[in-house]
Each structure stands twice: as structure tokens, then as C-alpha cells.
Amino acid sequence: MGLTEKQRKAIESDNKKVLVSAGAGTGKTTVLVDKYLRFVLKNKFPVDRILSITFTEKAAQEMKERIFEKLLETGDFELIEKFNQSYIGTIHGFCSRILKEFALEAGIDPEFNVLIYPEIITEKIFDDVFNNAFTLDDKDIINLLFNNKLKNIKKSILDVYDKLRTAGLSPEDYLQSNSDTLNPTRSFTEFTEYISRFLQTWRGSSEAVKKYPKDFELISELSNDCKDILKKDLPEFEEISVLNEYISQITYQGKSDFKIDYQGLKRIFIQFKDEYYEYYSKTVYLPQYIKLLNLFSVSYEEEKARLSYLDFEDLQLKVLYLLRNKKNVLEILQNRFLGILVDELQDTNRLQMKIISYLITASTMEFYVGDIKQSIYGFRDADIGGFRKLHNDLAEVKGPKEPLHILDESFRTRAEIIEFINNLFTKIWEGAEELKYEKLEPAFKYGEKKSPSIEIIYTEDMSVNDSRLTEAAILSERIKEIVDNRELTIFDKKTKTARDVHYGDFAILLRSFTDFNIYENAL
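Source: prediction; values computed, not measured. (Residues numbered from 1 in each chain as written. Predicted model: local features only at pLDDT ≥ 70, side-chain atom pairs only at ≥ 80, totals over all residues. Heavy atoms only, no water.)

Chemist: I would appreciate a short explanation of unusual backbone geometry in the present structure.
Modeler: With the exception of glycine, the majority of residues adopt a negative phi angle, and the majority of peptide bonds are in the trans configuration. Unlike most non-glycine residues, Lys44 shows phi in positive territory, near 65°. Take Lys44: it is sitting in the loop between helix 2 (28-41) and strand 2 (50-54). Taking relative accessible area as the criterion, Lys44 reaches 60% and is therefore assigned exposed. In this structure, Ser308 takes a positive phi of about 60° despite not being glycine. Relative to the helices and strands, Ser308 resides in the loop between helix 17 (286-307) and strand 5 (309-310). (Helix = DSSP H or I, 4+ residues; strand = E, 2+ residues; numbered from the N terminus. Buried < 20%, exposed > 50% of the residue type's maximum accessible area, 1.4 Å probe, protein only.)

Right, here's the structure in full:
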């Protein structure tokens, strides 16, 4: 299958800076591979002077394999041999390679190892930090340690430590700004509403009440005895313990519908309690958190240096240090790379984009690919603002050599599903500040099939629990029908042939794990 006209225009664009906004299934990997080959075969860039950044190692491997196959077709074995020196990989892989080359300038052991699992050393460090904290004779820190779960303190410190390094903020600035956004009110509301739904659902089931009288009575007592607490937007610190006295009596035994609903209440409360304690500790004990964070930071850095370890954030920070402070390194790397390709631009963070920006000169060819609709790594500090700004800036450039290219022809999805997605998300994106929703179009027409592509399970006049049970039952029965009746045929990538769908080909996406057991039991 050849290139579409839109793919071809993006690949053949000779603009210094190009952004390809590629919707799901529109062939972005094909575009990246062909653009790389164009750099090599038309622009005559040596393979070791092209930098290609992918989001995952898997994507990098796929890109390497596809490029290598194309290079084999050229018969240029000198070029093929040099391909081993190419720069195709993740930002962390690239940074690791640069640090190996400039270890002396970076002040690190050239034989360093990447610390893939930091918990290998952080557990011992936390033990030492907590033990040392008790010797400081700091009453506030001791109160923090005694009044909060150590596992929650550890998790918070690790989260903050990673984020402040990525953001380039001090512990004081980060924690102060972050504490203003913590608010467990929503999860408490979910907890109180769950209690009401539970009682409403099962009060009318005499059979369940007779079978599990103590369990039902426990939740009734919780609702009555704690009614003043449950009416609040957020409980006081001491009141959490009162609620916990009831919730702690819930066990995870039994798999009946009642028991699943009953156990769900405990899971929701635990989620709320963890959020509440994080909120409380970071607002009440903010100065103490900063002290512990600084103690951890010093010990962690010393231990990594002693063992010649660099974690993933170190790789990026130390390369950024080189680019900012070692002029000779900056000049070497800027002169080295004639072309730069970046995949999944929407999921890169500011630190990563800073590194890339230092490598760019007035003559560097830049080629970015991404899709703002597929940005899911906000929790890893992905900065969609960078994608949005570049998209809007390049959209202003009009003419035959437009630097912004929209790929909207999906090879992955049937026309009826695309139509449904477009109708749904056009409404969801109304008034969105990021960008206008870019509709998808089917790249080609699929063959006819027995079953519809979209089926909606709709329930009404039911409690939430009954609705979930009904949905799960209908869903499991429908999957069984599809398999038994051989309604769907799929293409098997392993065997390269078409075959009937198996149970293992189905994926069920849930908003949260709260009702997971209901669907699991139904299946």
C-alpha cells in the first residue's frame, strides 16, 4: 500500500520545521520512517547525524527494523553498516549515550549503570532518613512521622522529588504550590454517595438482609451514627478515625453481589483516606515535609554516586547541564545533528524539550509528529502546551510549503466507528482551549460483517449497583455470542492470516477499578 497524498506532502516538505498532527491509525510511523529515509537518501545526511527520538523502546525498535529493511533494498552496504551508529531511541537512551561519551565533562563514572528500579536503594535510604529524623530532636518532624503512615510519607516524597527535578523548582516552591491543589472533597463525596446507594439498593432485598444481617447492620449504623460527619464537605482529622472504626470491620470474604457491593465501600474509603492524609499532612506539616525531602535528597544523591548509579531523571538533567555549561560539548552536538525527528510530541515534558532545543541551530531540519488528542501522560509532566503552541504558530504560515500537516485518514478504524467518534468528541471539545477537534476520515472501506460495530447497553430506572450488574451480565453474554456465532473475523499479525475472534481478543475498558469485580465475576 502506497502513501496517501497527505502523507507524501508531509514527508516531502523541505521546511526547516515541520509538525505532523497525526490522528490515531493515520500512519505516523510510516511517515517517520519515510522522512528519515528522505534525510538519508535525498538530503544525504549521514545516519549518525540524524537524531530520532521515540517515546518507547518498542517504537524505536520498530522504526529501526523498518528503516533497515528499506536500506537493504538500496544495496548500499557501506550505508547499511553505518546504520549501527544511528541515533534512534528514547530520550533517556540518547542521554545515556551522550553521558557515556562525555562522562569526564559531566563529572561522572563512565561505567555508570542506569537505576531502572530506584526502590532498590530508596527503601534503605528512607530507613536511615527516618532514623536520623528521630535524632534531630525536632518535635514537628516526630509528630509528622507518628501521625501519618510511613508508606504515604515515602510515596509523597518520591513523587515530589521526581516532579521538582523535572520542573526545576525548589522543594519549598513545589510543595507550596502543590498543596494548594490537593483536595479530597470529591472522593469523600463519592464515599458518602456510595453509602446511600448501598442502603437504597439492598434495603429492598429481604433475602440479602436476612443472609448478611451483620454486614447490612454495620453500614446502617455507620449511616446513622456518623450522619453529621457524612453531611460535611470534608471531615475533621479526628473524625477519619471514627469512620475507620466501622469500615475496618468490612472483610474481603465472599463473592455474592451483595458482598461485592459491600467490599466496594471499603475500597472507596481507603482511596479517600489516603488522599485525605496526603492533603492533611502536606498542608499541616509542610515545613516538616520540606525537611524530610531535603534529607532524602542528600542521602539519595550520595548513595547513587557511591554505587555509580544514575536514574532516568539524572540522565536528562546531566545532559542539560552539559549543554548549558560545557560550550565544547554544545558545539560538538549542535554540529553533529543535521536532522531531528521527534515522535509523540504531545507526551514530551519541558525538560526534554529544553534538551532538544539546545541541539537545534539555524540549519537543523526539525520534524515533529504527535496528536494532542492522545496525550495521556500529564501525570508524568507531559507538556501539551508545547504541542499546542507549535501547532498554532505553524498554522499561521500559509502557502504551497505549509509547515503544518494534518493526517486524518485512519487505516485502523471502520467508517461507522469513526463517525461515532467524531460526533461524540466534536461535542466534548466544544469551547476547548487546546485546539479544535481534528476529525478522522476512514482511509478505505472494510468488508461487510454480521454484527454492528457499535452497541450501547442502556439501563434506566435502576440503582447504580443493579445497573452495573445488568451491564456486566449483558456484556459477558454478548461476548460469548460473538465468539460462539463466529461473528467477527480479525487479522492475526503472528500468522499473517484472517481468523475467527477469540476471547483473548476482547478488551474491556473501565473508568476505575471500583466495580471491577462485578465485570470479572460476570465473565
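Chemist: What is the right way to look at a positive patch on the surface in this model?
Modeler: Taken together, the side chains of Lys58, Arg412, Lys493 and Lys496 present a region of like positive charge at the surface. Mapped onto the fold, Lys58 is located in helix 3 (residues 57-74). A relative accessible area of 71% means that Lys58 is categorised as exposed. (Patch = residues over 30% accessible without salt bridge, like charges linked within 9 Å, V, L, I, M, F, W, Y side chains within 5 Å. Areas by Shrake-Rupley, 256 points an atom, 1.4 Å probe, with all protein chains shown as cover. Salt bridge = Lys/Arg side-chain N within 4 Å of Asp/Glu carboxyl O. Lys, Arg positive; Asp, Glu negative; His and termini not counted. Charge placed at Lys NZ, Arg CZ, Asp CG, Glu CD.)

Chemist: How should I be thinking about the pattern of salt bridges in this particular structure?
Modeler: Opposite charge on two side chains lets them pair, provided their charged atoms get close. Going through the model one piece at a time under the given rule, you end up with 32 salt bridges. As a salt-bridge pair, Lys82 and Glu78 come within 3.7 Å of each other at their nearest N and O atoms. Note that Lys82 and Glu78 are positioned in helix 4 (residues 77-82) at a spacing of four residues, about one turn of the helix. Classification of Glu78 by relative accessible area gives exposed; the value is 53%. Among the ionic contacts, a cluster of salt bridges with common partners joins Arg165, Glu301, Lys304, Asp311 and Asp314.

Chemist: Teacher, can you tell me more about the sheet that holds strand 1 (residues 17-22) here?
Modeler: Strand pairs in the sheet, formed through backbone hydrogen bonds, run parallel or antiparallel to each other. Strand order across the open sheet formed by six strands is 3-2-6-7-1-8, with parallel pairing between neighbours. Among the strands making up the open sheet, the edge pair consists of strand 3 (87-90) and strand 8 (404-407). Here the strands of the sheet are splayed against their neighbours by 15° on average, with no regard to which way each runs. Relative to strand 8, strand 1 is paired through four bridges, and the arrangement is parallel. Looking at strand 8, one finds that Ser21 is bridged to Ile406. (Pairing = 2+ DSSP bridges. Axes fitted to C-alpha atoms, helices over the stretch in contact; angles between N-to-C directions.)

Chemist: Can you help me understand the environment of Val31 in this one?
Modeler: You can see Val31 is positioned in helix 2. As for Val31 and Leu407, which are separated by 376 residues in sequence, their C-alpha atoms are 9.9 Å apart.

Chemist: In this structure, what is going on with a nonpolar patch on the surface? I would like to understand it.
Modeler: Taken together, the side chains of Phe420, Leu424, Phe425, Ile428, Ile454, Ile456 and Tyr458 present a nonpolar region at the surface, about 700 Å² in accessible area. Mapped onto the fold, Tyr458 is located in the loop between strand 10 (441-442) and helix 23 (464-484). Owing to a relative accessible area of 64%, Tyr458 belongs among the exposed residues under this scheme.

Everything listed here is a matter of coordinates, which is why it stays silent on function.
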